[in-house]
Every structure is written in C-alpha cells, then in structure tokens.
2 protein chains.
Amino acid sequence: MKTVSDIGELGLIERIAARLGSAAGGGHGPGDDAAVLPVTDERLVYTTDVLVEGVDFDFSYCSGADVGWKAIAANASDVAAMGASPRWSVAALSLRGDTPLELVDDLLDGMVEAGRRWRIELVGGDISTAPAMSVAVSMLGEAGAAGPVLRSGSRPGDRVCVTGSLGGAAAGLVALRGSLPREGAVERLCVRHLRPTARVEEAHALVEVGPTAMIDVSDGLAIDLAHLVESGGVGCSIDPAAIPVDPDLDALGSALDPLETAVLGGEDFELLFTIPPDGVRPARKRLAKLETAVTDIGAIIEGDRTIGDRSLEDWRRLGWEHLRVR
Amino acid sequence: MKTVSDIGELGLIERIAARLGSAAGGGHGPGDDAAVLPVTDERLVYTTDVLVEGVDFDFSYCSGADVGWKAIAANASDVAAMGASPRWSVAALSLRGDTPLELVDDLLDGMVEAGRRWRIELVGGDISTAPAMSVAVSMLGEAGAAGPVLRSGSRPGDRVCVTGSLGGAAAGLVALRGSLPREGAVERLCVRHLRPTARVEEAHALVEVGPTAMIDVSDGLAIDLAHLVESGGVGCSIDPAAIPVDPDLDALGSALDPLETAVLGGEDFELLFTIPPDGVRPARKRLAKLETAVTDIGAIIEGDRTIGDRSLEDWRRLGWEHLRVR
C-alpha cells in the first residue's frame, strides 16, 4: 500500500490536483501561487476551522471522507451563521508520512462531496507532514444584500430560536466511541456526528426574515448562547422544556441525560438566532419548506442569562471544551 | 508556568483576542462566526500555507515569534507572487496542551509583527490541541488593476529574472541546525531563514513593468522554475554563473556547495519572473529604489529546460522536498 512518503510532496500535489481537477470542476483551482477569485459581491466573510486527528476525530470510528466532509461543513456552518453563502475554500493538510494514499484520496473525496453539496469551490491548498493528521480549512462567503448577520444584534424582547434539534452529534460520538451497533436511531446519531449538515439554505431563507443576531451551535447551546448574549450585551431566559432535544437520543437509554446533552453537546451545527416576536412565524414557515423545524426556546431580556434555573455560566462550567476535557 | 491546558480553549481565545485586539488594531477582528471584509477590489487572490513543528520548524533553534512571522511571510510571498497586495489573514493554530502561554503569546506577536510589516489584518482564527504545533494560515490579497500575474504567461524570448539572492535561507538552516556561532554573515543567514522577507513592495513595483509570469522561490529555484515553465509550456536556458548566490554563503566555507544551495535551497522567498528583454532594465531600475537587486539569469526558449548542462528534471531529483527528505 503506497503512502504519502512514497510519492513525496510534489507527487502528492500532482495527485491531488488531478483528483480535484476532475471532481471539483473549478476553473480557479490549484496550480498557481494563489487562486484568483471571481468576486462579484463586495460583502465577503472569512473564517477558518481546523480538525486534528486524535482530538477532533479518530480513524477508529470515522473514515477519511467523514473528516473531509466535516472540515468543509464546519466552515460552511460558520459562513451560514453570518447569513452568507459559502463560495471558496483552501485547505492546509498536515499528513503523517505513513498515511496510505487511499486515505488521502478518501479525505479529498469527502471535501469535494461537501463542496458540491453547498456549491463551494476548493481553490487551493498546502501540504506538510506531521506526527498527526490535521485538516485546516478556511472559507470565504458572500454576504449578499441582506447580510452579514452578526452575533451582537439581539435586543430585549426578541425571541431566541434554534433550527432542527440538539444533542444528536454528541450522542453520536458517544455511540461511535462505545462501538454501539449502527442501526436505526443509533445510526442516525452516528451520521449526525460524522456527516454534519451546515444550515446553508436555512440561513439564506432566515436572512430575509430579519434575524437580529445569529450563531451556529458548534460548541454547544450553553457556550454559543453565551457568546451571543455577551456580544449583544443582553440577557436571556431559556425554557429547558422547549429545547428541541434530538428524539434519537432515546435510543441510548439512560447513558446520557437528554437535556444536558442537548445543552452541552457540541457540533450539532444548528443555527441559533434571535428575532422580534412577529418574525418567528415567518421564519418557521420559510424553513418548513426546507423541512427544517424552527423552535422558539425563550426570550432575550435585560438582566440574567439563564437556561431554566441555572445560569449560562453554571452550564458553561459543565461544558464541552476542546482543550480542558481532552 | 501556565500552559494551554491550564486555561482551556475559551480562555485561550479570550487571551488571543485581547492580544490581537490591542496589537493588530483591526476593526474586523475575531469575535463572530466569520470576519467581515471591507473588500473594495473585486480581483482577489487566495492562498494557504501550513508550518508544522518538527518538520517546518523546530523550537531548538527558533522562537515562537519566528514561527508566527514565517507563517505570515510565506503566505504574503505567495500573494506577492501573484502581483497582489496581501490584505487579510486567518490562522488555525494546533497547539500542544503543554505549550507555555508565553510561547503562544510570542507566536502571536510574530504574526502581528509580520502583519504590520506588510499591512495585513489578522481577522480570525481557530484553535485545537495536537501532538505537535502547527500553524495553518490562509491569506487574501487584492490584485489591483494590473494583476493578477500568473505563472503561465512566459513566452520564448522572455528573460528570466530573480530578485535578491538565493541559497541564504537553506544555508541559514544548516547554520542553525549545526549551532554555528551566530555572528556576522552566519547571523545574516540565520535571520534569512528565521525571518524571511516577502517581496511585497517589489512585486507591486514589478507588476507595473509587465512581467509575463511570476512565482516565488519557496521550494528552490529548480522546482519553482520547473513549475513556471511547465505551466507556460515553454523551455528555459539558465546560466549558472549568472545565478545570484547569497554572498554570505562564503561564511560556511566548504560545508555547502554554493551553486547547488542556490539552485536547490528553499524558502528564500525571492520573486522569479519572466519579462520581455526591454523590461529588464526598467524592472532593475524600479527595484533599485527598494534596494533590491534584479538579476537576469537566462532566457525562456522553446525546447529544453536547463540550468547549465543539467536539466531541471535532473536538478529536481536532487531537490528539497518536505516529505521525502524529512
């Protein structure tokens, strides 16, 4: 089985260019010092996200394509949370020398697949070796006339809403790590973790309804909601009973507390947004066309920041953090 | 000594935001899902470059600030080689949990310092832990009315020119690894390796003279020249005696062959460009104002691709490659 070391950097770059050239179909792809972007919208947003082997993913339970997909999806979710449309991406791959070329191909395929899903062109990259694989992707999006939507615009009286359901991705990770049989609801949880959906179409539809602030739920509801209210200088009062817990969590029985998983679990990549009360129904209606639920979970207030009778700070202390937990 | 693990991801993000907020001075900095860019030029170029501990750098001979500087400089060099002006950057940092916070501060300071040098705003980032540090930076540049300058435009009859001198960065690495006393010419070689200069101002001046193709010398003259002539579908005839070998190489005596080091050594970040013969003098004149030499090292021809009596392919086989050599 040929590895990264066997063909060297130049060989790998040629292999990747050939693979992306046939798959991604972009006219502005790799092959120069930098990619030239055909920008037509001057309102650009720019973000980056890195996934590291052994920390953010583990090949004992995921494939190269899963990693490639998630690297693109996580960035696309950040762009979507700005109310923008993801357009271009570059990737810096750090690969172990003993990485089989098939795994590299698989990684690229996952990136291309996600790129196709949200119409993102992979226009460039860089490669180095490393003791563990890491995939650092950056992404540019176009904000359009209505965007960008910042985190900071919430006003007292706004409703706090979230798309889809929460807790599924964290539960999926538990199922994958515990090697639970992948069928039915458990399989759906695993897919939720391995192949997250960036709410790109939903963000696009929401922007037209006029959210006052928006963020994606990547670190967990408690943390991301804290970011939102802190940057807006407002408080919030969230009703725990209203939080849309992923119904598939039932499949794990008592292994996980559903509410805690929904509040603290990361990587659901749902959109958390605030909107004046009369915007909730139009938002729900628009996203119904995409078969995505919108749930009103509480209010922006002046003063305290709570989910139920616990402060966000208390929830946050229990929360999921890359560096301290792992 | 406090480490990355001690303060966790959120603590680290706050620390970095505070440091960048006071130092980088950008109004579009970290703090939302993505940065919003005030784009005024629709001709954008986009690139990425990753540096990995133990592969691209080693803390036995360099500081955090050196790494941060080089991460920015390498990207700025790619942008410059497109004839564009670097403007915005995002960085994905993968850090070992036991990394002292002082080292992280130092890394950021190096990035900020390089950003100031070339007027690049650091507008966002991401953090993860990893078994080895890696710094993946992506960068956006504005190409202006005259750009971008691709690699592919060389025509037979063009002269092949290079800025500055070659071989110094590779020699500096040898000096650093060999722990040679850092004084005089040796010190200059070390600085050349640790604190490379992206030829941003030079590229800007060159674009107005009309280079037909341009690339930066990051992998070594042999490899980067091969990229240039291959993408142009042309040949080249380079006079080895004309190649501007860094005069400081003399300080290493017989430890390195000067010509081979100049042809094969990477990371000099000089500009290699082709230009019609009557453009050489104006190019030289313009760059003289920046105190940067322009050396005519040969011609673009139809047919063979040679430096002296060796083909580029033969040189290339001897060449410096991240993955195979290390």
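Just so we're clear, the structure is a prediction, and the values are computed from it rather than from any experiment. (Residues numbered from 1 in each chain as written. Chains lettered and ligands numbered in written order. Predicted model: local features only at pLDDT ≥ 70, side-chain atom pairs only at ≥ 80, totals over all residues. Heavy atoms only, no water.)

Visitor: Looking at this model, I keep getting lost on helix α3 (residues 101–117) of chain B. Mind explaining?
Guide: Quick reminder: α-helices carry 3.6 residues per turn. Residues three or four places apart thus point the same way. Look at α3 of chain B: 24 Å from first C-alpha to last across 17 residues, which is about the 24 Å you get at 1.5 Å a residue. Those residues of α3 of chain B lying buried are L101, L103, V104, D105, L107, L108, G110, M111, V112, A114 and G115 of chain B. (Helix = DSSP H or I, 4+ residues; strand = E, 2+ residues; numbered from the N terminus. Expected span 1.5 Å × (residues − 1). Buried < 20%, exposed > 50% of the residue type's maximum accessible area, 1.4 Å probe, protein only.)

Visitor: I'm lost on a positive patch on the surface in this one. Help?
Guide: Residues and elements named next belong to chain A. Taken together, the side chains of R281, R284, K285 and K289 make up a positively charged region of the molecular surface. Within the secondary structure, R284 sits in helix α9 (residues 280–288). Here R284 falls in the partly exposed class, since its relative accessible area comes to 40%. (Patch = residues over 30% accessible without salt bridge, like charges linked within 9 Å, V, L, I, M, F, W, Y side chains within 5 Å. Areas by Shrake-Rupley, 256 points an atom, 1.4 Å probe, with all protein chains shown as cover. Salt bridge = Lys/Arg side-chain N within 4 Å of Asp/Glu carboxyl O. Lys, Arg positive; Asp, Glu negative; His and termini not counted. Charge placed at Lys NZ, Arg CZ, Asp CG, Glu CD.)

Visitor: What am I meant to see in the pairing of strand β7 (residues 213–217) of chain A here?
Guide: Successive residues of a regular strand alternate their side chains across the two faces of the sheet. Residues and elements named next belong to chain A. Here β7 lies mainly inside the structure; five of its five residues are buried. Examined bridge by bridge, β7 and strand β9 (residues 270–275) share five bridges and lie antiparallel to one another. Each residue of the ladder has a partner; that of D216, found in β9, is L271. (Pairing = 2+ DSSP bridges.)

Visitor: What is the right way to look at empty space enclosed by the protein in this model?
Guide: Space left empty within the atom packing is revealed by a probe, the size of a water molecule, rolled over the atoms. Residue and element names in this part refer to chain A. The final tally for this structure, using the stated rule, is four cavities of 30 Å³ or more. Empty space within the largest cavity amounts to approximately 70 Å³. If you trace the largest cavity, you find it lined by L51, D56, F57, Y61, C62, D66, V67, K70, H193 and L194. Among the secondary structure elements, those contributing two or more residues to the lining of the largest cavity are α2 (64–81) and α5 (184–194). With three residues, the top contributor of residues to the lining of the largest cavity is α2. When its residues are assigned to classes, the lining of the largest cavity shows six nonpolar, one polar and three charged. (1 Å grid on protein atoms, 1.4 Å probe; cavity = no way out; pocket = protein on both sides within 12 Å on 5 of 7 lines; lining within 4 Å. Points joined across faces, edges and corners; volume = space filled by probe spheres on them. Nonpolar A, V, L, I, M, F, W, Y, C, P; charged D, E, K, R; others polar.)

Visitor: Would you take a moment to explain the confidence of the model for chain A for this structure?
Guide: Low pLDDT means the predicted coordinates in that region are not meant to be read closely. Across chain A, pLDDT averages 91, with 94% of residues at or above 70. Scored below 50 in pLDDT, residues 321–326 of chain A makes 21 contacts in the model with residues more than four places away or belonging to other chains. (pLDDT = per-residue confidence, 0-100. Contact = heavy atoms within 4.5 Å.)

Visitor: For this particular structure, what's the right way to read the relation of the copies chain A and chain B?
Guide: The operation relating the pair of chain copies consists of a rotation about an axis and a translation along that axis. Laying chain A over chain B is done by rotating through 180 degrees and shifting 0.0 Å along the axis; what remains is an RMSD of 0.0 Å. Both chain copies can therefore be described as sitting about a two-fold axis. When the interface residues of chain A are mapped onto chain B, 100% of them again lie at the interface, so the same face is used by both copies. (Least-squares fit on C-alpha atoms with pLDDT ≥ 70 in both.)

Visitor: Sorry if this is basic, but what is going on with the interface of chain A and chain B here?
Guide: By a widespread convention, an interface's size corresponds to the accessible area lost as its parts come together. Taken together, the 66 residues of chain A in the interface contact 66 residues of chain B. Summed over both sides, the interface of chain A with chain B buries roughly 5,300 Å², with 58% coming from carbon and sulfur. Counting across the interface, chain A meets chain B through four salt bridges. Between R151 of chain A and D33 of chain B there is a salt bridge whose closest N-O contact spans 3.5 Å. One can count 19 residue pairs in polar contact (both at pLDDT 80 or more) joining chain A with chain B. Grouping the constituent residues of the side of chain A that touches chain B by class yields 37 nonpolar, 15 polar and 14 charged. With four bridges connecting them, strand β1 (residues 35–38) of chain A and strand β2 (residues 43–52) of chain B associate as antiparallel partners. Paired with P38 of chain A across the bridge in β2 of chain B is R43 of chain B. (Buried area = accessible area lost by both parts, 1.4 Å probe. Polar contact = N/O pair within 3.5 Å; in protein donor to acceptor, adjacent residues only side chain to side chain.)

Visitor: Teacher, can you tell me more about the pattern of salt bridges here?
Guide: Side chains that carry opposite charge are capable of pairing whenever their charged atoms lie near each other. Applying the stated criterion to the full structure yields 46 salt bridges over all chains. Note that E270 of chain A and R199 of chain A form a salt bridge whose closest N and O atoms lie 2.8 Å from each other. With E270 of chain A in strand β9 and R199 of chain A in the loop between α5 and α6 (200–207), the pair connects residues that are 71 residues apart, well separated along the chain. Accessibility assignment for this pair places E270 of chain A and R199 of chain A in one class, buried. Between E113 of chain B and R195 of chain B there is a salt bridge, and its shortest N-O distance comes to 3.2 Å. A residue pair is termed long-range when its members are at least 10 positions apart, and E113 of chain B in helix α3 and R195 of chain B in the loop between α5 (184–194) and α6 (200–207) qualify at 82 residues. In this structure R195 of chain B comes out as partly exposed when scored by relative accessible area, which is 23%. Several salt bridges converge on common partners, so that one network encompasses R192, R199, E202, D246, D268 and E270 of chain A.

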